[in-house]
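Here is what each chain is made of, one letter per residue.
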Amino acid sequence: MKASFKQQFRYKIAASVASVAIGMALLASGACSSDAAGPMPVANVITIHGADFSYDAPATIPAGMTTVNFVNDGPALHQAQIVRLDSGKTMADLKAALNLPGNLPGWVVQLGGPNAVDPGLTGNATLDLPVGNYALLCVVNVPGGIPHFMKGMVQPLTVTAAGSTSQTAAAPVSDETVTMDDYVFKLSAPLTAGTHTFKVVNLDVQPHELELIRLAPGKTAADMLAWLQAQNGPPPRQALGGVAIISPAAGPAYFTASLTSGNYMLLCFVFDTGDGKPHFAHGMVLPITIP
Ligand SMILES: [Cu+2]
């Protein structure tokens with residue numbers, strides 16, 4: 001039987017009231033799933049503070065997709081490199097390995113983490129952290145050439161299954177992919193002004209990192225590279241973060257950044273497994289101009 005116009009109208013109103021109610025329920029739960037299994041799991045969010053030369057960070061966090069906000073309280077440049085200690089290794093083993101010259105052993109799996117930001121700025125990285133024993137460390141070595149982990153910026157982080165609702169959380173939706181391979185950063189699309197979520201992938205057999213800097217007005221990539229050679233005076237840049245070192249076959253890691261018109265650069269400071277030179281000296285830089 002055909003419904004009258006009035007009845008159809010009433011059904012329509014009832015349907016739209018129902019969808020508004022569903023929308024409000026989803027808003028209230030902060031979820032985006034509509035199935036009966038409950039709200040969609042979301043990434044865990046933690047905040048780490050860095051200062052000269054220590055971290056203020058949680059000791060234990062739940063496993064799964066984790067957004068790490070990193071606040072640099074300064075006065076030096078800092079980062080929060082996240083590494084997993086495999087093969088039953090401990091913090092004592094890590095500290096011993098950090099005291100040795102050369103590259104870190106294979107049981108130190110570098111997963112990224114928020115890369116270096118200038119004092120007063122906040123960086124971020126989102127990464128999947130399975131249950132395990134981890135450490136935070138800062139490998140920044142300015143000023144003075146001594147890495148900050150030697151001055152106390154290294155501490156344990158335990159990732160447990162307990163209370164974890166983030167274990168099945170999906171990865172962030174990215175609108176830009178950066179691949180790192182053979183001393184090259186490659187963007188999936190030209191960068192534009194606005195807020196972007198970057199997916200950072202290491203395809204290489206060496207570790208790499210992505211440091212995002214904004215060049216000072218009127219400064220060029222050549223000015224920045226010249227400054228890195230001499231390190232005289234203030235750097236012609238602002239350090240905005242990115243993702244710290246990702247081991248081969250580890251990652252991906254994600255970060256979000258808001259860009260405005262101007263000149264930027266991506267740089268890798270990792271010491272080469274071959275000749276020990278930083279990767280930017282091997283050409284691992286990408287100048288970017290945002291129109
Ligand atoms: Cu590199």
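Structure: see above.
For the structure given in this document, a descriptive report is provided here. (Residues numbered from 1 in each chain as written. Predicted model: local features only at pLDDT ≥ 70, side-chain atom pairs only at ≥ 80, totals over all residues. Heavy atoms only, no water.)

**Observations concerning the sheet that holds strand β5 (residues 81–85)**
In plain terms, the rule: When DSSP finds two or more bridges between two strands, those strands count as paired. Strands are runs of DSSP state E lasting at least two residues, helices are runs of H or I lasting at least four, and both sets are numbered from the N terminus onward. Interaxial angles span 0 to 180 degrees and are taken between N-to-C directions of axes, which are lines fitted to C-alpha atoms, for helices over the stretch in contact. Contacts: residue pairs with any heavy atoms within 4.5 Å of one another.
As summarised here, the arrangement of the five strands in space is β3-β9-β8-β5-β6, forming an open sheet in which the pairing is mixed. Each edge of the open sheet carries a strand with a single partner, namely β3 (60–62) and β6 (108–110). Adjacent strand axes in the sheet meet at a mean angle of 35° when their direction is disregarded. Alignment of strand β8 (residues 132–137) against strand β9 (residues 154–160), held across six bridges, turns out to be antiparallel. Counterpart to G132 in the pairing with β9 is V159. Where helix α2 (residues 91–98) meets the sheet, it contacts β5, β6, β8 and β9, and its direction lies at approximately 140° from that of β9.

**Regarding the coordination of the copper ion**
This is how the line gets drawn: Only N, O and S atoms count as donors, using a 2.8 Å cut-off from the metal and 3.2 Å for Na, K and Ca, and because water is excluded some sites may appear unfinished. Relative accessibility decides the category of a residue: with a 1.4 Å probe and only protein chains considered, values under 20% of the type maximum give buried, values over 50% give exposed, and everything between is partly exposed.
Protein coordination at the copper ion comes from H208 (ND1), C268 (SG) and H279 (ND1), with a distance range of 1.9 to 2.1 Å. Read in sequence order, the donor residues coordinating the copper ion give the pattern H-x59-C-x10-H. Note that H208 is positioned in strand β13 (residues 208–215) and H279 in the loop between β16 (262–267) and β17 (285–290), a separation of 71 residues in sequence. Considered together, H208 and H279 belong to a single accessibility category, that of buried residues.

**Structural notes on the pattern of salt bridges**
Our working rule: Whenever a carboxyl oxygen of Asp or Glu lies within 4 Å of a side-chain nitrogen of Lys or Arg, that contact is scored as a salt bridge.
The tally for this structure, following the rule as stated, stands at two salt bridges. Residues R237 and D118 are paired through a salt bridge, measuring 3.2 Å at the closest nitrogen-oxygen approach. Placement of the pair is R237 in strand β14 (residues 237–246) and D118 in the loop between β6 and β7 (122–129), with a sequence separation of 119 residues.

**Comments concerning the sheet that holds β16**
The strand order across the open sheet built from four strands is β14-β13-β16-β17, with neighbouring strands paired in antiparallel fashion. The sheet terminates laterally at β14 and β17, the two strands that pair on one side only. Looking at each pair of strands side by side, their axes are set apart by 15° on average, direction ignored. Contacts between helix α3 (residues 221–230) and the sheet are confined to β13, β14, β16 and β17, with β16 contributing the most and set at about 45° to the helix.

**A word on α2**
Think of an α-helix as turning once every 3.6 residues; residues three or four places apart then point the same way. Short version of the rule: This arc is taken over the directions from the axis of the helix to the C-beta atoms.
Those residues of α2 lying buried are M91, L94, A97 and L98. Down the axis of α2, the smallest arc covering the buried residues is 120°, so these residues share one side. If you follow the buried residues of α2, they end up packed against β5, β6, β8 and β9.

**Describing the side chain of R237**
The criterion, for reference: Counted as a polar contact is a pair of N or O atoms within 3.5 Å, where, for protein atoms, one must be capable of donating a hydrogen and the other of accepting one, and residues adjacent in sequence contribute only when both atoms are in side chains.
By relative accessible area, which is 16% here, R237 ends up buried. Within the structure, R237 has its side chain in polar contact with the side chain of D118 (distance 3.2 Å). Residues contacting R237, with those up to four places away along its chain left out, are L77, D118, I213, R214, L215, A216 and M224.

**As for α3**
Burial in α3 covers these residues: A221, M224, W227 and L228. When α3 is viewed along its axis, its buried side chains cluster within an angular range of 120° and face the same direction. Facing away from the buried side of α3 by over 90 degrees, the exposed positions are A222 and Q229. Where the residues of α3 are buried, they touch β13, β14, β16 and β17.

**Regarding unusual backbone geometry**
Negative phi characterises most residues that are not glycine, and trans characterises most peptide bonds. That bond from D52 to F53 is cis: its omega, -5°, falls within 30 degrees of zero. With omega at 5°, the peptide bond leading from G74 into P75 counts as cis. At S87, a position not held by glycine, the phi torsion is positive, near 60°. Mapped onto the fold, S87 is located in the loop between β5 and α2. Judged by its relative accessible area of 64%, S87 falls in the exposed class.

**What to know about the side chain of E176**
Short version of the rule: Counted as positive: Lys and Arg. Counted as negative: Asp and Glu. His and the chain ends are not counted at all.
With respect to the helices and strands, the residue E176 is situated in strand β10 (residues 176–181). The side chain of E176 sits in the buried core without any salt bridge; K186 is the nearest counter-charge, 12 Å away. A polar side-chain atom of E176 sits 3.0 Å from the main-chain amide nitrogen of A189. Contact partners of E176, with chain neighbours within four places excluded, come to L187, S188, A189, P190, L191, T197, F198 and K199.

**Some remarks on the pairing of β9**
Taken together, the three bridges between β3 and β9 define a ladder with parallel strand orientation. Looking at β9, one finds that T60 is bridged to T158.

**Thoughts on the pairing of β16**
Among the six residues that make up β16, five are buried, leaving the element largely enclosed by the rest of the structure. Judged from the four bridges that link them, β13 and β16 form a sheet pairing that is antiparallel. Pairing of E211 across the sheet is with L267, part of β16. Looking at chain direction, β16 and β17 are connected through six bridges and run antiparallel. When the sheet's bridge partners are listed, L266 is paired in β17 with L286.

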